[in-house]
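Spelled out from the first residue to the last, the chains are:
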Amino acid sequence: MKDEKILFAVFILLSIVLYGCWDDVEIEERAFLSAVAIDLAEDGTNEDAQFIEMTEQLVVPAGLSTLTQPGDGKAFRNLSDTGKGVFEINSKISKQGSRKLNVEHLGLIVVSREIAETDGMLKNVFDVFIREQYMRRGILVAVVEGKAKDILEVQAEHIMIPAHYVIDLLEKDQSSIAKDPVRIGDIHEKLLTNRSFALPLISILNDKVLQYEGIAVIAHEPSRMAGSITGIDAEARHIMIGKGQQSVITLPVEGDIATLVIDNSNSKYTLTNQDKQSLAFRIDIDLTASVKEYYGDLDLFKKENVEKFRVALENEVKQRAEQVLNMIKDEIQVDMLQIDDYLRIHHYRLWEEIKDDWDYGENLFSQSEIEIHVQVDIMDPGTSTKVN
């Protein structure tokens, strides 16, 4: 009798455990979402809200190839629809795909420049990605020149899924223009603290190649893209914030072309005037560089010639830094130099007094005086004085 009771208890327990799988969805019935692109819809607006177009890139497992098995067709499919909100559109697309969408593999959100430049639109489209409990905080975010959905059609020859190409570009391109990738968790933090922020800016060169242009400047007020910093200006901005490693600078030295690479980059901020109406800062930039190419005849193993390179690079970096400083402070008027972080950490009481008028409101940032000083060391002149 006792054995029968034990068997009955085991039977009931197994029934409960096995019954727990009743709502499982088989992998063949799931659609794995890898990327989302958001544009303004071409059918315009209505009285209530502006319509947006959302494109979702779904992975097609049958198209993925392995070392022993080639893929069967494309490894992805793109589905689009329009509506007033991201969640609404996602529901429509889910019906198109006839699969239950799995968002846990979402790795990329791209928005068009048109979306980014529309007042308040970025905060609105990011809301669901921040609010939804299954969304990962590590999702990468970028702004695209032109239509965002077009980037999900760019098929690099070495990567089967366009979204993975964009993710690789954002994560692995550590050139002087492309630095730290931005994730949805970073944006959430900036929105919570009412701070402006930067997003990567990408453009499409052709149907197989993308290019990292620089950064899109997202102002807190008004909540939209206030401008962009690209090319050598983006490089100079990275040098100013201490992230100029691997920057390549070509300049004339004694009339001949030379190319130098920055091996180490550091910057130090100092508040030199604490008067709220006339704030002043000093930025000290400390660089270590090496000579990679030189078309002249100077012997770089002689100290006086190395000094000529050092002075030329200091002057070039200072000129570029002052140029981008004028753009950021006078034209864009949004703190992209992370001076707000410096004030919050090192001058907290002052920051608490001015934070609501830093780069919006009274915009004390644009009214401040910023002085730039550059110090360069040439550590590696190369292994030879000349080729011939």
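Quick summary incoming for the structure in this document. Bear in mind that the values here come from a model prediction, so they are computed numbers and not experimental data.

**Things to note about the layout of surface pockets**
1) Next: Estimated volume of the largest pocket: approximately 750 Å³.
2) Next: Lining the largest pocket are 34 residues, and of these Lys190, Ser196, Phe197, Gln338 and Asp341 sit closest to its centre.
3) Next: Those elements that provide at least two residues to the lining of the largest pocket are helix H6 (184-192), strand S7 (197-206), strand S8 (209-219), helix H7 (231-240), helix H9 (339-346) and helix H10 (348-354).
4) Next: Classifying every residue of the lining of the largest pocket by side-chain character gives 14 nonpolar, five polar and 15 charged.

**Digging into the nonpolar core**
1) Next: Membership of the largest hydrophobic core comes to 56 residues, with the highest contact counts inside it found for Ile229, Phe309, Leu343 and Trp358.
2) Next: The element contributing the most residues to this core is helix H8 (residues 303-332), with 11 residues.
3) Next: Excluding its chain neighbours within four sequence positions, the residues that come into contact with Trp358 are Arg195, Leu279, Phe281, Asp335, Ile339, Asp340, Leu343, Trp351, Asn363, Leu364 and Phe365.
4) Next: Membership of the second largest hydrophobic core comes to 36 residues, among which are Met54, Leu79, Ile93 and Val128.

**Remarks on the packing of H7 against H8**
1) Next: Where H7 contacts H8, the two axes come as close as 9 Å, and the packing angle between them is 100°. One element, H7, and the other, H8, form an angle in the roughly perpendicular class. The residues of H8 that touch H7, namely those facing Ile232, Asp233, Glu235, Ala236, Arg237, Ile239 and Met240, are Val317, Arg320, Ala321, Gln323, Val324, Leu325, Met327 and Ile328.
2) Next: Residues of the contact of H7 with H8, tallied by class, amount to 10 nonpolar, one polar and four charged.

**Structural notes on the pattern of salt bridges**
1) Next: The final tally for this structure, using the stated rule, is 19 salt bridges.
2) Next: Here Glu88 ties to Lys92 by a salt bridge, and the two come within 3.4 Å at their closest N and O atoms. Note that Glu88 and Lys92 are positioned in helix H2 (residues 86-97) at a spacing of four residues, about one turn of the helix.
3) Next: Residue classification places Lys92 among the partly exposed residues on the basis of a relative accessible area of 31%.
4) Next: Across the salt bridge formed by Asp341 and Arg344, the nearest N and O atoms sit 3.6 Å from each other. One end of the pair is Asp341 and the other is Arg344, both in helix H9 and three residues apart, which spans about a single turn.
5) Next: The structure contains a network of salt bridges with shared partners spanning Arg113, Glu117 and Glu145.

**Some words on H8**
Each turn of an α-helix holds 3.6 residues, which means side chains three or four residues apart point in the same direction.
1) Next: With 30 residues, H8 should cover 44 Å at 1.5 Å per step; its first-to-last C-alpha distance of 42 Å lies within 8% of that length.
2) Next: Looking one or two places after H8, you find Gln333, whose phi comes out positive at around 60°.

**Overview of the side chain of Gln57**
1) Next: Inspection of the secondary structure assignment puts Gln57 in strand S2 (residues 50-59).
2) Next: There is a polar contact of 2.9 Å between the side chain of Gln57 and the backbone nitrogen of Ala163.
3) Next: Contacts of Gln57, omitting those with residues within four sequence positions, involve Phe32, Leu33, Ser34, Ala35, Phe76, Arg77, Asn78, Leu152, Ile161, Pro162 and Ala163.

**Examining empty space enclosed by the protein**
Once rolled over the atoms, a probe with the size of a water molecule shows which space is left empty.
1) Next: Evaluated as defined, the whole model comprises one cavity of 30 Å³ or more.
2) Next: There is about 60 Å³ of room inside the largest cavity.
3) Next: Along the walls of the largest cavity sit Leu122, Lys123, Leu191, Arg195, Phe197, Ile218, Ala219, His220 and Ser223, which together make up its complete lining.
4) Next: Counting residues per element, the ones that place at least two in the lining of the largest cavity are helix H4 (121-131) and S8.
5) Next: Residue composition of the lining of the largest cavity, grouped by class: five nonpolar, two polar and two charged.

**Some words on the side chain of Lys329**
1) Next: Structurally, Lys329 can be placed in helix H8.
2) Next: The buried category is assigned to Lys329, whose relative accessible area is 10%.
3) Next: Of note is the side chain of Lys329, whose polar atom sits 3.1 Å from the backbone oxygen of Ser368.
4) Next: When sequence neighbours within four positions are dropped, the list of residues in contact with Lys329 reads Phe365, Ser366, Ser368 and Ile370.

**Regarding the packing of aromatic side chains**
1) Next: Scanning the model with the defined rule gives five aromatic pairs in all.
2) Next: Where Tyr294 meets Phe309, the ring centres are 5.1 Å apart and the plane angle is 75°; that geometry is what we call edge-to-face. Separated by 15 residues along the polypeptide, Tyr294 in strand S12 (residues 280-294) and Phe309 in helix H8 bring together distant segments of the chain.
3) Next: Members of the aromatic cluster, connected to one another through ring pairs, are Phe281, Trp351, Trp358 and Phe365.

**Side note on unusual backbone geometry**
1) Next: The linkage connecting Glu221 with the following residue, Pro222, adopts the cis geometry, with an omega of -10°.
2) Next: Tracing the backbone shows Pro222 in the loop between S8 and strand S9 (224-230).
3) Next: Even without being a glycine, Gln333 presents a positive backbone phi close to 60°.
4) Next: Relative to the helices and strands, Gln333 is located in the loop between H8 and H9.
5) Next: The phi torsion at Gln338 lies on the positive side, around 60°, for a residue other than glycine.

Here is what the cut-offs are and how they apply
All residue numbers refer to positions counted from 1 along the written sequence of the respective chain. Given that the model is predicted, a residue must reach a pLDDT of at least 70 before its local features are reported, and side-chain atom pairs must reach 80 or more before they are shown or counted; all residues, however, enter totals for whole chains, interfaces and linings. With hydrogens and water stripped out, all remaining heavy atoms of the structure feed into the side-chain values. Of the grid points, spaced at 1 Å and generated over the protein atoms alone, those admitting a 1.4 Å probe that cannot get out make up cavities, while open sets with protein on both sides within 12 Å along at least five of seven lines make up pockets; any residue with an atom within 4 Å of a point is treated as lining. Grid points are joined across faces, edges and corners, and a volume is the space filled by probe spheres set on the points. Numbering goes from the N terminus for both helices and strands, where a helix is a DSSP run of H or I of at least four residues and a strand is a run of E of at least two. For this scheme, ten residues count as nonpolar: Ala, Val, Leu, Ile, Met, Phe, Trp, Tyr, Cys and Pro. Four count as charged, namely Asp, Glu, Lys and Arg, and the remainder, Gly too, count as polar. The set of buried Ala, Val, Leu, Ile, Met, Phe, Trp, Tyr and Cys residues whose side-chain atoms join them within 4.5 Å is what this entry labels a nonpolar core. Partly exposed residues are those whose accessible area sits between 20% and 50% of the maximum for their type, while under 20% is buried and over 50% is exposed, using a 1.4 Å probe and protein chains only. We call two residues in contact whenever any of their non-hydrogen atoms come within 4.5 Å of each other. Here an angle of 0 to 180 degrees is reported between the N-to-C directions of two axes, which are lines fitted to C-alpha atoms, with helices fitted over the stretch in contact. Relative orientations are named as follows: roughly parallel for angles under 35 degrees, roughly antiparallel for angles over 145 degrees, roughly perpendicular for angles from 65 to 115 degrees, and oblique for any other angle. By definition, a salt bridge exists where a carboxyl oxygen of Asp or Glu is found within 4 Å of a side-chain nitrogen of Lys or Arg. Expected helix span is computed as 1.5 Å times (number of residues minus one). Polar contact is defined as a pair of N or O atoms within 3.5 Å, subject to the rule that within protein one atom must be able to donate a hydrogen and the other to accept it, and that residues adjacent in sequence are counted only when both atoms are side-chain atoms. Two rings belonging to Phe, Tyr or Trp (six-membered ring only in the last case) form a pair when the distance between their centres is within 6.5 Å. Interplanar angles under 30 degrees mark stacking, angles over 60 mark edge-to-face geometry, and anything in between is tilted.

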